[in-house]
Amino acid sequence: INDSGLGYHTYKKMPPKRSDITIDNGTNAVNEEPKGKHGSPNMTPVSIIATKRDNKRPHSDEEIKWFVQNFTSGLVKDYQMTAWLMAVCLNGMIDRETATLTSAMVNSGRILDWSELDAITVDKHSTGGVGDKISLILAPLVSSFDGIAVPMMAGRGLGHTGGTIDKLETIPGFRTDLGCDKFHDVVSSTGLAIVSPGSDVAVADRKMYALRDVTYTVRSLPLQTSSIMSKKIAENPDSLVLDVKFGRASFNKDTDESIELSKRMIQTGELCGKTTTAFITRMDHPIGNAVGNWLEVLECINVMKNGKGPKDLVNLCLVQAAQMLIQCGAVPSGTLKEGIIMARENLSNGKAYGKFREMVVSQGGDLRCIDKPEDYPRAKFKADVIAASKGFISDINALEIGHIGVMIGAGRNCSEDAIDATAGIWFHRKVGDRVEASDVIATVYTEREETLNSAADSVFQAFSFSEVPVEPEPLITNFVTKDGVSNFSMS
């Protein structure tokens, strides 16, 4: 699929989806198949590793496709791929190499086909954070508009960042492992589904990420770009909105790094015919009031039932929903302001909540805990965190909060760790709020009694206080499209 030339505010129905994805970067060479199982006479795993290690020239398209294809099949061994990943991490890739790597990873597995769906498809991806529950509201909110479907593949939490799949699986019976065919059926009938990527989607990425996670090669722009976009392109929506985070609880520590990652992902998406845009958002403080799997689901239920909630959570949902609606051609004026008004209406009138209930039913979940969340089992142990003096909250360190979440069972250090659905932290005060001495500023919940007191102490240490009023910094700093970067303002 070549660049469709879609305008930023316009939509044109895509041609029938092909069984593979190719990226046209102006040379057509990316679209060529590797020459045989062993490639050219000089092509071996060692020679390809050496090429990237020595960094005297970029990889050819044939080398990258051969290496990925044969890693997927098992000819290239894990230790060889690990060496190559580290070389990429140290020496980087040019745009052409990144595009070819993404294409090879996409074509290592199955690609979804929505061409028979009588709806425009759109998705969102976040680079992850603490309390980042946006997708749970965003997917039903956007799909509550006629003619729009949201097929979403999401991930699990690892380390200090939470995962959408872990959160949804706290709903009794809710299935995220649907497989591609069932995923397609649910989206066709309901207009949305949130699932974990099937074992047959972007197979190379799944194997590569498992190695990156344990070899300190996660933080690499070309590897981040290809990993994120390979799954999203294989998912194959008509357009995509990215939430690229920066700050101490993000993989990207500053706006420049996040903007560069956004540009690369947008370029890759556009080359695959997907209108792709990105918001650059701050990840220094937890989003919303809840951190922890069921607690975050509960918070989202409350927002969708009442149409209101924490300002940071609601604003992120409305802005991203508005942009998704724009890219689907659903906003008559094509302006973000009108899109936000439309999104706010469907969040307030119960349509988003109704779509969320439909999704829960279609994926096997028990509606009783959605309609009566007060009956959901509670953690056995809890401890309140108390303000020591009056003043204003100037900071809540999201990175520290994420690590505490792992300590109490709300997160995992490795993929095999079990998650405690009820563990988490509820914040009764946010950055900028005034507090008095003895106010309860947070509550810690866990099944691990031995961690309770130290966790509560650590949560208190994650707070900072000021004697003078504090204004929170802007949550969204920039908007990025294929045409450039602009500063963002809610006004």
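This text gives an overview of the structure that appears in the document. (Residues numbered from 1 in each chain as written. Predicted model: local features only at pLDDT ≥ 70, side-chain atom pairs only at ≥ 80, totals over all residues. Heavy atoms only, no water.)

Focus: the pattern of salt bridges
Item 1. By the definition in use, this model includes 28 salt bridges.
Item 2. Close ionic contact of Lys-52 with Glu-97 constitutes a salt bridge, the shortest N to O distance being 3.0 Å. Pair noted here: Lys-52 is in helix α1 (residues 45-54) and Glu-97 is in helix α4 (residues 95-106), with a separation of 45 residues, a long-range link.
Item 3. Looking at Glu-97, the relative accessible area reads 1%, which means it is buried.
Item 4. Here Asp-284 and Arg-282 are joined by a salt bridge, their closest N and O atoms 3.9 Å apart.
Item 5. Since its relative accessible area comes to 14%, Asp-284 is described here as buried.
Item 6. Bridged by salt links that share partners, the residues Arg-156, Asp-166, Glu-169 and Arg-412 form one connected network. (Salt bridge = Lys/Arg side-chain N within 4 Å of Asp/Glu carboxyl O. Helix = DSSP H or I, 4+ residues; strand = E, 2+ residues; numbered from the N terminus. Buried < 20%, exposed > 50% of the residue type's maximum accessible area, 1.4 Å probe, protein only.)

A few points about the packing of aromatic side chains
Item 1. Tallied over the entire structure, the rule returns eight aromatic pairs.
Item 2. Each ring, one from Trp-114 and one from Phe-183, has its centre 5.5 Å from the other, and the planes form 90°; the classification is edge-to-face. Of the two residues, Trp-114 sits in the loop between α4 and β1 (120-126) while Phe-183 sits in helix α7 (residues 179-190), which places them 69 residues apart along the sequence. The same class applies to Trp-114 as to Phe-183, namely buried.
Item 3. Over the face of the ring belonging to Phe-71 we find Lys-207, whose NZ or CZ atom lies 4.5 Å from the ring centre. (Phe/Tyr/Trp six-rings, centres within 6.5 Å; stacked < 30°, edge-to-face > 60°. Lys NZ or Arg CZ within 6 Å of the ring centre and 35° of its normal.)

Overview of the environment of Arg-156
Item 1. By the secondary structure assignment, Arg-156 is in the loop between β2 (148-153) and α6 (164-168).
Item 2. Between the alpha carbons of Arg-156 and Ser-196 there is a distance of 8.0 Å; along the sequence they are 40 residues apart.
Item 3. In contact with Arg-156, not counting residues within four places along its chain, are Gly-163, Ile-165, Asp-166, Glu-169, Thr-176 and Arg-412.
Item 4. A distance of 3.2 Å separates a polar atom in the side chain of Arg-156 from a polar atom in the side chain of Asp-166.
Item 5. At 2.9 Å, the side chain of Arg-156 and the side chain of Glu-169 are in polar contact. (Contact = heavy atoms within 4.5 Å. Polar contact = N/O pair within 3.5 Å; in protein donor to acceptor, adjacent residues only side chain to side chain.)

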